[in-house]
Amino acid sequence: MTGRILLFGGIALAVTALGLTSFMSFAHVGDAHRQVNATAADKDHASGKHDGDHGGEEDQAGESEGVRLSKDQIDAAGIAVAPVSKGRIVQRLVMPGVIAMDQDRIARIPANVVGIVSDLRKKLGDTVEKGEVIAALESREVAEARSEYISALVSFALQKTLYERDRALWQKQITPEQQYLRTRSAYSEARVRTDLARQKLLALGIDARDIDALSKQAASAVEAKEGGASVDAVGKALRRYEIRSPIAGRVVERRVDLGAPVGREGQESELYVIADLSKVWVDITLPAADLDRVREGNTLLIRAASSKETAPGRVIFVSPVIAADTRAARAIALVDNPNLIWRPGTFVTAEIAIDENAVETSVPIAAIQRIEGEHTVFVRTPNGFEKRKVAIARQDGETAEIASGVSPGENVAVSNTFILKAELGKGSAEHAH
């Protein structure tokens, strides 16, 4: 009896052990299966796959990280696109400079005669056209010179008539030759006096058009006297001396007032200073050490110290003399100033191009952003922009030579690229959560 009990107990113990072993085996398999599934899920999560996400177009195409934007969104953000292309890398020498008036475009309007200022037609800052009347004087000197010229004109007209009549009579043998010769001599003298009187008016600075109009004034004076009328108006016209501007520009200085005497010793000799500011000079100080690097004809770019304005120019003069006190030389650059934004006296920075190199692959500096310590550009794709790491070989203030990362012809964003950088950072932050 006791043996049977022991036998049944052993069988029950064996069955229990076998069931426990099987249960542990099944549990181990289940744990392993769950571990495999978890590992696969982790891999899917690391690769950016989630439930209901089957990879998208970018993953299927194998593109790198980028920013999805439609064409309308790109236009609204003001993001311009341009192809990677050939360019020039310019080595520049940066020097201080100051804007100055072009000395070849300054006119000092003189009072060529003694007189009184009777008319000032321009104020400071007014625009002046070439040949425009800008002032007038009352001058006895001018009146005498004009009267002399008018008298010479009247005498010349009379002698010419007498000469032509006597020549015709002499040719018909009606008048003696001696009378004809006397008339011809008087005619020649009258012509010389007229020419001398005209040259005197020109020397006084009277315009040739005004001189040609004096013959009409002479006729008017004769008619006024014959008619018994007053000749005050004619006399005033003879005394009036109009002054015209020799250049177009703006009035930058007015030296006299109405009624001021001018022309004599101790009196003002200039009425206005007029400057054409459509072109200006940049006065640059060059240290002696850099003097050999700058040549006349070098291009340059000027930048205002107080604004973002820039303008191109060209070096037109490099002084051969070095100042003893500063050990520096003077250089002059010519800059176009059509909008008159460059005012004389403004301090600027002059970036003089001293060396230029052609490159095959280049982008504007504005196209490059620094992301995670690497130079990056954004290449245009059908879905927006792709972030692309690039290696920069050389660069200047405007252009960068690309050694690798993009190819000629690829379109990259060249303006407002900081928006793309911000969108890229925003997408990374959302993905991290």
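Calculation notes
- Residues numbered from 1 in each chain as written.
- Predicted model: local features only at pLDDT ≥ 70, side-chain atom pairs only at ≥ 80, totals over all residues.
- Heavy atoms only, no water.
- Helix = DSSP H or I, 4+ residues; strand = E, 2+ residues; numbered from the N terminus.
- Buried < 20%, exposed > 50% of the residue type's maximum accessible area, 1.4 Å probe, protein only.
- Contact = heavy atoms within 4.5 Å.
- Areas by Shrake-Rupley, 256 points an atom, 1.4 Å probe, with all protein chains shown as cover.
- Expected span 1.5 Å × (residues − 1).
- Polar contact = N/O pair within 3.5 Å; in protein donor to acceptor, adjacent residues only side chain to side chain.
- pLDDT = per-residue confidence, 0-100.
- Pairing = 2+ DSSP bridges.
- Phe/Tyr/Trp six-rings, centres within 6.5 Å; stacked < 30°, edge-to-face > 60°.
- Lys NZ or Arg CZ within 6 Å of the ring centre and 35° of its normal.
- Core = buried A, V, L, I, M, F, W, Y, C linked by side-chain atoms within 4.5 Å.
- Salt bridge = Lys/Arg side-chain N within 4 Å of Asp/Glu carboxyl O.
- Axes fitted to C-alpha atoms, helices over the stretch in contact; angles between N-to-C directions.
- Parallel < 35°, antiparallel > 145°, perpendicular 65-115°, else oblique.
- Left-handed = near helix turned anticlockwise from the far one by under 90°.

Engineer: I keep staring at the overall build of the chain and nothing clicks. Help me out?
Structural biologist: A count of helices and strands for the chain gives 9 helices and 22 strands. Counting the 433 residues in the chain, one finds 31% classified as buried. Residue pairs at least 24 apart in sequence account for 74% of intrachain contacts in the chain once pairs closer than 6 positions are excluded. Of the roughly 26,400 Å² of accessible surface on the chain, a fraction of 53% belongs to carbon and sulfur atoms.

Engineer: Looking at this structure, I do not really get helix α4 (residues 140–171). What am I missing?
Structural biologist: The periodicity of an α-helix, 3.6 residues per turn, causes residues three or four positions apart to be oriented the same way. Its 32 residues place the ends of α4 46 Å apart at the C-alpha level, agreeing with the 46 Å of an ideal helix rising 1.5 Å per residue. Taken residue by residue, α4 has Val142, Ala143, Ala145, Arg146, Tyr149, Ile150, Ala152, Phe156, Gln159, Tyr163 and Asp166 as its buried positions. Sitting at the head of α4, Ser139 places a side-chain oxygen 3.3 Å from the backbone nitrogen of Glu141. Positive backbone phi, approximately 60°, marks Gln173, located one or two places after α4.

Engineer: Even after reading the chapter, I still don't get the confidence of the model for the chain, so can you show me in this structure?
Structural biologist: In regions of low pLDDT, the predicted coordinates are not meant to be interpreted in detail. Of all residues in the chain, 79% have pLDDT values of 70 or greater, and the mean over the chain is 80. Taken together, the stretch residues 1–63 has pLDDT below 50 and engages in 10 contacts with residues farther than four places along the chain or on a different chain. Ignoring residues within four places in sequence, the model shows residues 227–231, a span with pLDDT below 50, making 5 contacts including any to other chains.

Engineer: Could you clarify how one ought to interpret the pairing of strand β20 (residues 391–395) in this entry?
Structural biologist: Consecutive side chains along a regular strand alternate between the two faces of the sheet. Pairing of β20 with strand β21 (residues 399–404), which is carried by 4 bridges, proceeds in the antiparallel orientation. For Ala391, the partnering residue across the bridge sits in β21 and is Ser404. Here β20 folds back onto β21 in antiparallel fashion, the turn holding 3 residues.

Engineer: What am I meant to see in the packing of aromatic side chains here?
Structural biologist: How two aromatic rings sit relative to each other is given by the distance of their centres and the angle of their planes. Scanning the model with the defined rule gives 4 aromatic pairs in all. Where Tyr163 meets Tyr180, the ring centres are 6.0 Å apart and the plane angle is 25°; that geometry is what we call stacked. On the criterion of sequence distance, the pair formed by Tyr163 in helix α4 and Tyr180 in helix α5 (residues 177–203) is long-range, its members being 17 residues apart. Plain terms: the ring middles of Trp170 and Tyr180 are 4.7 Å apart, the flat faces sit at 5° to each other, and that makes the pair stacked. Pair noted here: Trp170 is in helix α4 and Tyr180 is in helix α5, with a separation of 10 residues, a long-range link. The exposure class assigned to Trp170 is partly exposed, which follows from its relative accessible area of 31%. One aromatic cluster is present, built from ring pairs that chain together Phe156, Tyr163, Trp170, Tyr180 and Tyr187. Directly above the aromatic system of Phe385 lies the positively charged group of Arg380, at a separation of 5.5 Å from the ring centroid.

Engineer: I tried to follow the environment of Arg209 on my own but got confused; where do I start?
Structural biologist: Secondary-structure assignment places Arg209 in helix α6 (residues 208–212). By relative accessible area, Arg209 is classed as exposed at 52%. Each residue touching Arg209, except ones within four places of it in the same chain, is listed here: Gly131 and Arg244.

Engineer: Sorry if this is basic, but what is going on with the nonpolar core here?
Structural biologist: Buried together is how nonpolar side chains tend to be arranged in soluble globular proteins. If you look at the biggest cluster of nonpolar residues, it comprises 31 residues, and the most contacted ones within it are Leu137, Leu271 and Tyr272. Elements represented by at least two residues in this core include exactly β4 (106–110), β5 (115–120), β7 (133–138), α4, α5, β8 (240–244) and β11 (270–275). Top contributing element to this core by residue count: α4, with 6 residues. Ignoring sequence-local partners within four residues, the contact set of Leu271 consists of Ile109, Ala111, Val117, Ala135, Ile243, Glu253, Arg254, Arg255, Val256 and Val262. Met95, Ile99, Val280 and Leu291 belong to the second largest nonpolar core, which has 23 residues in total.

Engineer: Got a minute to help me understand the sheet that holds β11 in this structure?
Structural biologist: Within a sheet, adjacent strands bond to each other through the backbone by hydrogen bonds, running parallel or antiparallel. An order of β4-β11-β9-β6 is seen for the 4 strands of this open sheet, with the pairing classed as antiparallel. At either margin of the open sheet sits one strand with a lone partner, and together these are β4 and β6 (127–128). In terms of strand pairing, β6 meets strand β9 (residues 249–254) through 2 bridges, oriented antiparallel. Bridging from a neighbouring strand, Val128 pairs with Gly249 of β9.

Engineer: I'm lost on the sheet that holds β7 in this one. Help?
Structural biologist: Reading across from one edge, β8-β7-β5-β10 is the order of the 4 strands in this open sheet, with antiparallel pairing throughout. Each edge of the open sheet is held by one strand with a lone partner, namely β8 and β10 (261–262).

Engineer: Would you mind going over the pattern of salt bridges with me for this structure?
Structural biologist: Between side chains of opposite charge, a pair can form when the charged atoms approach closely. Going through the model one piece at a time under the given rule, you end up with 27 salt bridges. Note that Arg240 is salt-bridged to Glu242, the shortest N-O span being 3.3 Å. A salt bridge links Glu253 to Arg255, with the nearest nitrogen and oxygen atoms 3.4 Å apart. Judged by relative accessible area, which is 32%, Glu253 ranks as partly exposed. In this structure Arg255 comes out as partly exposed when scored by relative accessible area, which is 33%.

Engineer: Is there a simple way to think about α5 in this case?
Structural biologist: In this model α5 runs 39 Å from its N-terminal to its C-terminal C-alpha over 27 residues, within 8% of the 39 Å that 1.5 Å per residue would give. At the exit of α5 stands Gly205, carrying a positive phi of roughly 90°.

Engineer: What am I meant to see in unusual backbone geometry here?
Structural biologist: Glycine aside, the phi torsion of most residues is negative, and most peptide linkages are trans. Even without being glycine, Gln173 reaches a positive phi, approximately 60°. In this structure, Gln173 sits in the loop between α4 and α5.

Engineer: Would you take a moment to explain the packing of α4 against α5 for this structure?
Structural biologist: In a packed pair of helices, the relevant descriptors are the angle between the two axes and the axis-to-axis distance. Relative to each other, α4 and α5 sit at 155°, their axes nearing to 8 Å. The pairing of α4 with α5 is recorded here as roughly antiparallel in orientation. Relative to α5, α4 is oriented so that their crossing is left-handed.

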